Amino acid sequence: MTSPVPPGDTRTVDLPGGLSVTIEERGGGSGGRGFLLLHGGAGPRTMAGLASALTEHAYTVVPTHPGFQGTPRPEWCDTPADLAVAYLDLLDALGLSDVMVVGSSLGGWVASEMALRDTRARIGSLTLLNAVGIHAARKKDAVVDTRALAPAEIAELSFADPALRPDFSSLSDEQRAQGAANQRALALYGGEKFSHDPKLRGRLHRVGVPVLVVWGEQDGIASATYGRDYAASFPNGRFAPIPEAGHFPHIEQPGHTLGAIGDFADTVANGSAAA
């Protein structure tokens, strides 16, 4: 297992519509360029290592999606599109511009929705890490519906390296309850179709910013073919496969993942938060 990453500073930001979002901040104060890291169904802890590494380049913020980790969620906030609007409001509140939004799994879906709604040009580029959100072109490439799976089954599909799979027998009752609550929040945001909006793929041609789609090739939840199709849905999309990694390439292969992000920022994003 990787060593624990020390947490950053945590605070709550009040946004329009009565929504309060808990964020973890690393690096210099808000304002100007930065990274916005959006977690998937396993919660914000999955972004800790990546946040620590990216902080060397710019201010980094990791929100907790409302409803995860026991945070409050207004009844109206129940779709990735709702989260997208909330996080655009967050970028306004923090005074960030030319932001690289990095989204893992569900967070990648939210990032895509943000780019479609970014009327104030806050976003400079996107990086999607084994993202969900689009409808698979072929049934065999559809994202696995994890709602009926046990945590151990999800972990087996998620990690290529068995050593990185959580040991659920060692978890406390509180940790088990937290994980179950996070999965319920994931199911809520995933919607009836779970893990995709049938109309999203057809809208992504309107995303004007550069997009990097990073993909763990051994992902048992969303295949590499699905990832390539995701990248091809954007007019300025690039696909970066990561060998020996599953659904969390930034955890299993952090060096290769950071290398892909750095190369993208240097050669394509041109002026993104990582430049």
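These lines cover the structure that appears in this document, whether it is placed above or below. Note that this is a predicted model, so its numbers are computed, not measured.

1. Some words on the overall build of the chain
The helix and strand tally for the chain stands at 8 helices and 8 strands. Seen through its principal axes, the chain has C-alpha atoms that stretch 45 × 40 × 35 Å. A total of 275 residues make up the chain; the buried ones form 52% of that total. Counted over contacts in the chain with a minimum sequence separation of 6, partners at least 24 positions apart contribute 77%.

2. So, the packing of aromatic side chains
A complete count under the given rule lists 5 aromatic pairs for this structure. With a centroid separation of 6.1 Å and an interplanar angle of 50 degrees, the aromatic rings of Trp215 and Tyr226 are classed as tilted. Within this pair, whereas Trp215 is found in strand β7 (residues 211-216), its partner Tyr226 is found in helix α6 (residues 224-232), the two being separated by 11 residues in sequence. Comparing Trp215 with Tyr226 shows no difference in burial state: the two are buried. Pairwise contacts between aromatic rings join Trp215, Tyr226, Tyr230 and Phe234 into one cluster.

3. Let's talk about the layout of surface pockets
Here the second largest pocket defines a volume of roughly 150 Å³. Thr79, Pro80, Trp109, Tyr189 and Asp197 are, among the 14 residues lining the second largest pocket, the residues nearest its centre. Secondary-structure elements contributing two or more residues to the lining of the second largest pocket are α2 (80-94), α3 (106-117) and α5 (173-190). Partitioned by chemical class, the residues of the lining of the second largest pocket number 5 nonpolar, 4 polar and 5 charged.

4. As for the nonpolar core
Among the nonpolar cores identified, the biggest contains 55 residues, and Leu36 and Met114 are the most heavily contacted of them. Among the elements that line this core, the one with the most residues is α2, at 8 residues. Every residue in contact with Met114, bar those within four places of it in the chain, is listed here: Leu36, Leu38, Ala84, Tyr87, Leu88, Leu91, Val101 and Ile123. With 21 residues, the next largest nonpolar core counts Val62, Val214, Ile261 and Phe264 among its residues.

5. Some words on the sheet that holds β7
One open sheet accounts for 8 strands, arranged β1-β2-β4-β3-β5-β6-β7-β8; its pairing is mixed. On the outer flanks of this sheet lie β1 (9-15) and β8 (237-242), each paired with one strand and no other. The sheet shows a mean angle of 25 degrees between the axes of neighbouring strands, direction not considered. In the sheet, strand β6 (residues 123-129) pairs with β7 via 4 bridges, with the strands oriented parallel.

6. Some remarks on the side chain of His250
As for its placement among the helices and strands, His250 is situated in helix α7 (residues 249-252). Side-chain polar atoms of His250 contact the backbone oxygen of Thr46, separated by 3.2 Å.

7. Structural notes on the packing of α2 against α3
Each pair of packed helices gets described by two things: the angle between the helix axes and the distance between those axes. For the pair α2 and α3, interaxial distance at closest approach is 8 Å and the crossing angle is 65 degrees. One way to sum up the angle between α2 and α3 is to call them roughly perpendicular. Crossing angle aside, the handedness with which α2 passes α3 is right-handed. Of the residues in α3, those in contact with Pro80, Ala81, Leu83, Ala84, Val85, Tyr87, Leu88 and Leu91 of α2 are Leu106, Trp109, Val110, Glu113, Met114 and Arg117. Class assignment for the residues of the contact of α2 with α3 results in 12 nonpolar, no polar and 2 charged.

8. Here's the deal with the side chain of His196
Among the structural elements, His196 can be located in the loop between α5 and β7. Look at His196 and you get buried, because its relative accessible area is 17%. At 3.3 Å, the side chain of His196 and the side chain of His135 are in polar contact. Non-local contacts of His196, meaning those with residues more than four positions away in its chain, are made with Trp109, Gly133, Ile134, His135 and Gly190.

9. Some thoughts on the pairing of β7
It is a general feature of regular strands that their side chains alternate between the two faces of the sheet. For β7, a buried count of 6 out of 6 residues is recorded, marking the element as mostly surrounded by other parts of the structure. Side chains of β7 alternate between two faces, with Val211, Val213 and Trp215 and Leu212, Val214 and Gly216 buried alike. Relative to β8, β7 is paired through 6 bridges, and the arrangement is parallel. From the neighbouring strand, Leu212 faces β8, where its bridge partner is Arg238. In this view, the connection linking β7 to its parallel neighbour β8 by way of α6 has right-handed handedness.

Conventions we followed
Each residue is numbered by its place in its chain's sequence as written, counting from 1. Totals for whole chains, interfaces and linings use every residue, but because this is a predicted model, local features are given only for residues with pLDDT of at least 70 and side-chain atom pairs only at 80 or more, for both listing and counting. As a rule here, side-chain values come from all non-hydrogen atoms in the structure, and water together with hydrogens is ignored. We count a stretch as a helix when DSSP gives it H or I for four or more residues in a row; a strand needs E for two or more, and each element gets its number in order from the N terminus. Think of it in three bands: residues with accessible area under 20% of the maximum for their type are buried, residues over 50% are exposed, and the middle band is partly exposed, with areas taken using a 1.4 Å probe on protein chains only. Whether two residues are in contact is decided by their heavy atoms: any pair within 4.5 Å suffices. Here is the rule: rings of Phe, Tyr and Trp (six-membered ring for Trp) pair when centre to centre is within 6.5 Å. Planes less than 30 degrees apart are stacked, more than 60 are edge-to-face, and the remainder are tilted. A cavity, in this analysis, means grid points on a 1 Å lattice covering only the protein atoms where a 1.4 Å probe fits yet has no way out; a pocket is instead an open set bounded by protein on both sides within 12 Å along at least five of seven lines, and a residue lines either one if it has an atom within 4 Å of a point. Grid points are joined across faces, edges and corners, and a volume is the space filled by probe spheres set on the points. Any residue outside Ala, Val, Leu, Ile, Met, Phe, Trp, Tyr, Cys, Pro, Asp, Glu, Lys and Arg is labelled polar, Gly included; the first ten of those are nonpolar and the last four are charged. For our purposes a nonpolar core is just a set of buried Ala, Val, Leu, Ile, Met, Phe, Trp, Tyr and Cys residues, chained together by side-chain atoms within 4.5 Å. A pair of strands is considered paired only if DSSP assigns at least 2 bridges between the two. Every axis corresponds to a line fitted to the C-alpha atoms, with the helix fit spanning only the stretch in contact, and the corresponding angles, defined between N-to-C directions, vary from 0 to 180 degrees. Polar contact is defined as a pair of N or O atoms within 3.5 Å, subject to the rule that within protein one atom must be able to donate a hydrogen and the other to accept it, and that residues adjacent in sequence are counted only when both atoms are side-chain atoms. Each angle is binned into one of four classes, with values under 35 degrees roughly parallel, values over 145 roughly antiparallel, values of 65 to 115 roughly perpendicular, and all other values oblique. Crossing handedness follows the turn of the near helix against the far one: under a right angle anticlockwise gives a left-handed crossing, and clockwise gives a right-handed one. Every crossover in which the path from the first strand over the helix to the second runs clockwise, viewed with the strands pointing away from the viewer, is termed right-handed.

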